[in-house]
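Listed below are the residues making up each chain.
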Amino acid sequence: MSDNSWIRFRDEFAIIPHRILPIAFFSLKALEKEMIVKERNRIKKERARPSSVVAELQVPEKVSRLEQGVESTLREVEGIYKRLRTEYEKNKSQGLDLYRFIVDRRDYGKTVQNVFHLSFLLKDGKAACHCDADHQPVIVPLDSQSAEGTARKTEFVFCLSYLEWQEILKLLDEEDGRQGSS
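Residues numbered from 1 in each chain as written. Predicted model: local features only at pLDDT ≥ 70, side-chain atom pairs only at ≥ 80, totals over all residues. Heavy atoms only, no water.

Engineer: Even after reading the chapter, I still don't get the overall build of the protein chain, so can you show me in this structure?
Structural biologist: Tallying secondary structure elements over the protein chain gives eight helices and three strands in all. When the elements of the protein chain are put in sequence order from the N terminus, they spell out α-α-α-α-β-α-α-β-β-α-α. For the protein chain, buried positions account for 17% of its 182 residues. (Helix = DSSP H or I, 4+ residues; strand = E, 2+ residues; numbered from the N terminus. Buried < 20%, exposed > 50% of the residue type's maximum accessible area, 1.4 Å probe, protein only.)

Next comes the structure, spelled out in structure tokens:
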């Protein structure tokens, strides 16, 4: 077709109102019937099972898996707390650079986990985060006595995307290079 033919074709059919394609009711109804039959068969099978089998099918292991997850998180939080105290003592009781403490230079996922576990320490009053004189976030461990004495609750919002993590790695490497050359 020539260009003029296409234009004439467009002009002739542009005045016809656009129609919505009909829905294939038959295939939809057949699908609905098939689903209804499957559901009825499933219900019949469940009713036919003895009650002891139904009791066995209930999922108590999910609860145990949840408890294991909570225990594992608590172990990780305690591990972070011990590491925080050790690093704090090595640093002569000076606040630790938050980024150096939580960033895993090999794994972004581990860094996110570190932030997650550190959040529990902050929430429970076992650690505190504040800005130093250079306006950089530092973290310090708190002992149980000072944690009980602090009635003041603060919130610390922390956002760390993958790109920000990569940028922090570059900055930490630059700082390490400068410290190594001095």
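After presenting the structure, the write-up continues.
Engineer: What should I look at first to understand the side chain of N114 in this one?
Structural biologist: Note on placement: N114 falls in helix α6 (residues 108-123). Side-chain polar atoms of N114 contact the backbone oxygen of I102, separated by 2.8 Å. When sequence neighbours within four positions are dropped, the list of residues in contact with N114 reads I80 and I102. (Polar contact = N/O pair within 3.5 Å; in protein donor to acceptor, adjacent residues only side chain to side chain. Contact = heavy atoms within 4.5 Å.)

Engineer: Whenever I open this one, the nonpolar core confuses me. Can you help?
Structural biologist: Nonpolar side chains tend to gather and get buried jointly when the protein is soluble and globular. In terms of nonpolar packing, the biggest core is built from 20 residues, with F101, V103, L118, L121 and I139 touching the most fellow members. What I139 contacts, discounting residues up to four positions off in sequence, is L84, G95, L96, L98, F101, L118, L122, A127, A128 and C129. (Core = buried A, V, L, I, M, F, W, Y, C linked by side-chain atoms within 4.5 Å.)

Engineer: Is there a simple way to explain unusual backbone geometry in this structure?
Structural biologist: Where the residue is not glycine, phi is negative for most of them; where a peptide bond is considered, it is trans in most cases. In this structure, S93 takes a positive phi of about 60 degrees despite not being glycine. For S93, the location among the structural elements is in the loop between α4 (61-90) and β1 (96-97). Not every positive phi belongs to a glycine, and H135 is a case in point at roughly 65 degrees. A residue is classified by how much of its surface remains accessible, and H135, at 66% relative accessible area, is exposed.

Engineer: Whenever I open this one, the sheet that holds strand β2 (residues 127-131) confuses me. Can you help?
Structural biologist: Across a sheet, strands are paired by hydrogen bonds formed along the backbone, either parallel or antiparallel in direction. As summarised here, the arrangement of the three strands in space is β1-β3-β2, forming an open sheet in which the pairing is antiparallel. Either end of the sheet is taken by a strand with one partner, and the two such strands are β1 and β2. Sheet analysis places β2 next to strand β3 (residues 137-141), joined by five bridges and oriented antiparallel. By the bridge assignment for β3, C131 is matched with P137. (Pairing = 2+ DSSP bridges.)

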